[in-house]
Amino acid sequence: MRFDVYSPLVLSLLLAAGGPLTGRYVAPAAAARVLAAAAVVTAGATTWSLVLLGAALLGDVPPVVRDGGAAADPVPVVIGLAACLALVVVGVRLHRAVRAERRTRRALRRLCAGQPADTELIVAASAVPRACAVPGRPGRILVTSAMLGALGPAERRALLAHERAHLAHRHDVLVTAATLAAAADPLLCPVRSAVVYLVERWADERAAAAVGDRRTTAHALARAALTAQRGGAVCALHFADRAVTRRIAALQAVPQPSLGSAALAVVALSTLPPLLAADATRDLFRLLTGAPL
């Protein structure tokens, strides 16, 4: 337990460092799914490790006798107290993240209130240029008149195809999962940022395929980004608010191949934290019951 219980924290650092690199070598669709799942699993294992450290402190775990005869406390008091404090912080961060998510969804639902149930596209008369996907049943696409007026016909098709991709592939679920994982384990914030970027790249690729022209999609993204600078974003899945320069460059380049080996490496890394946390749990139970390790 002395090593296993701390290993998920170390592996969180490795995922935070190596995970975003996955987006450079793996197609956006596969990379977003893999990183979101890896973040959730790693955050769960890290939180459980904190629970074990706190339980070891509160449970009065007997000291471990080393070969030389000296007794060693398996969990120092300072570390146990720090784990308990960290758990409180995790609870507060998760509560705030859930509240922010609900607040955003309520605001978007209010904007779409009063529309017929089968309405997919909602055009709001506004001088603020915005376009975003509104998750739900049914999902809606909210676009302002200012945004539509700034784009040509082909660019409008690219914009709508982008937002439809968000709805069709439930990108909100991936972003929410990564957001909650980062709230539980702040070390995973880079992974969360990578997932948000990758779902936008994923939607860009789907839009390019739908209109049959990557250049048109890049032009639509550039024009929407320049137009949207006049106001602040409200939507979580917005057409032109995530690393626009990188996304335009990616659309102007050759489509990225899906390298399964890189994705499998991330999956393999994400399986280690729960396995090590399970081993630490077994060791803790043995210490509590006085059984030999």
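Residues numbered from 1 in each chain as written. Predicted model: local features only at pLDDT ≥ 70, side-chain atom pairs only at ≥ 80, totals over all residues. Heavy atoms only, no water.

Draft legend 1. Inspection of the overall build of the protein at higher detail. Assigned secondary structure in the protein consists of ten helices and five strands. Across the 293 residues that make up the protein, the buried fraction comes to 43%. Partitioning the contacts of the protein with sequence separation of at least 6, the portion at a separation of at least 24 is 72%. For the protein, the computed accessible surface area is about 14400 Å², with 63% contributed by carbon and sulfur atoms. (Helix = DSSP H or I, 4+ residues; strand = E, 2+ residues; numbered from the N terminus. Buried < 20%, exposed > 50% of the residue type's maximum accessible area, 1.4 Å probe, protein only. Contact = heavy atoms within 4.5 Å. Areas by Shrake-Rupley, 256 points an atom, 1.4 Å probe, with all protein chains shown as cover.)

Draft legend 2. Structural context of the nonpolar core. Counting residues in hydrophobic clusters, the biggest one holds 27 residues, and the most contacted among them are L174, L188, V191 and V195. Discounting residues that sit within four places of it in the chain, V195 has contacts with A32, L35, A36, L174, V175 and A178. Listed in part, the twelve residues of the second largest apolar core include A131, A133, L151 and A228. (Core = buried A, V, L, I, M, F, W, Y, C linked by side-chain atoms within 4.5 Å.)

Draft legend 3. Geometry of the packing of aromatic side chains. Under the criterion given, the structure shown has zero aromatic pairs. Seen from the ring of Y197, R246 lies directly overhead, with NZ or CZ sitting 4.0 Å from the centre. (Phe/Tyr/Trp six-rings, centres within 6.5 Å; stacked < 30°, edge-to-face > 60°. Lys NZ or Arg CZ within 6 Å of the ring centre and 35° of its normal.)

Draft legend 4. Looking closely at the sheet that holds strand β3 (residues 121-124). Spatial strand order, β3-β5-β4: three strands in an open sheet with mixed pairing. The sheet terminates laterally at β3 and β4 (131-134), the two strands that pair on one side only. Pairwise comparison of adjacent strand axes, ignoring direction, gives a mean angle of 20 degrees for this sheet. (Pairing = 2+ DSSP bridges. Axes fitted to C-alpha atoms, helices over the stretch in contact; angles between N-to-C directions.)

Draft legend 5. Quick peek at the environment of A222. Take A222: it is sitting in helix α8 (residues 214-228). On a C-alpha basis, the gap between A222 and V244 in space is 7.3 Å, while along the polypeptide they are 22 residues apart.

Draft legend 6. Focus on a positive patch on the surface. Together, R93, R96, R99, R102, R103, R106, R109 and R110 make up a positively charged patch on the protein surface. For R99, the location among the structural elements is in helix α3 (residues 77-111). (Patch = residues over 30% accessible without salt bridge, like charges linked within 9 Å, V, L, I, M, F, W, Y side chains within 5 Å. Salt bridge = Lys/Arg side-chain N within 4 Å of Asp/Glu carboxyl O. Lys, Arg positive; Asp, Glu negative; His and termini not counted. Charge placed at Lys NZ, Arg CZ, Asp CG, Glu CD.)

Draft legend 7. Inspection of helix α5 (residues 153-168) at higher detail. When the terminal C-alpha atoms of α5 are compared, their 22 Å separation across 16 residues agrees well with the 22 Å that a helix rising 1.5 Å per residue should span. Restricting attention to buried positions, one finds in α5 the residues E155, A158, L159, L160, A161, H162, E163, A165, H166 and L167. In the segment just after α5, R170 is the residue with positive phi, at about 50 degrees. (Expected span 1.5 Å × (residues − 1).)

Draft legend 8. Just unusual backbone geometry, in detail. Here the bond from R137 into P138 is cis, since omega is 0 degrees, no more than 30 degrees from zero. Positive phi values are uncommon outside glycine, yet R170 reaches one of about 50 degrees. Tracing the sequence through the fold places R170 in the loop between α5 and α6 (171-184). By relative accessible area, which is 41% here, R170 ends up partly exposed.

Draft legend 9. Main features of the side chain of D204. Secondary-structure assignment places D204 in helix α7 (residues 189-211). According to the relative accessible area criterion, D204 is buried, its value standing at 0%. Within the structure, the side chain of D204 is placed 2.9 Å from the side chain of H162, a separation counted as a polar contact. (Polar contact = N/O pair within 3.5 Å; in protein donor to acceptor, adjacent residues only side chain to side chain.)

Draft legend 10. Quick look at the pattern of salt bridges. Evaluated as defined, the whole model comprises nine salt bridges. Across the pair R170 and D172 runs a salt bridge, and its minimum N-O distance is 3.2 Å. Between E205 and R214 there is a salt bridge; the shortest N-O distance is 2.6 Å. Neither residue differs from the other here; E205 and R214 are each classed as buried. Each of the salt bridges in this network shares a partner with another, and the network as a whole consists of E101, R105, R170 and D172.

Draft legend 11. Highlighting the pairing of β4. By the alternation rule, side chains of β4 split into A131 and A133 and C132 and V134, which are all buried. Adjacent in sequence and paired antiparallel, β4 and strand β5 (residues 140-144) are bridged by five residues, among which G136 carries a positive phi angle near 150 degrees.

Draft legend 12. Inspection of the pairing of β5 at higher detail. Among the five residues in β5, five count as buried, and that is most of the element. Of the two faces of β5, the one lined by R140, L142 and T144 and the one lined by I141 and V143 are each fully buried. Inspection of the sheet shows β3 paired to β5 by four bridges, in the parallel sense. Note on β5: the bridge partner recorded for L121 is I141. Summarising the sheet, β4 and β5 pair through four bridges and their orientation is antiparallel. From the neighbouring strand, A133 faces β5, where its bridge partner is I141.

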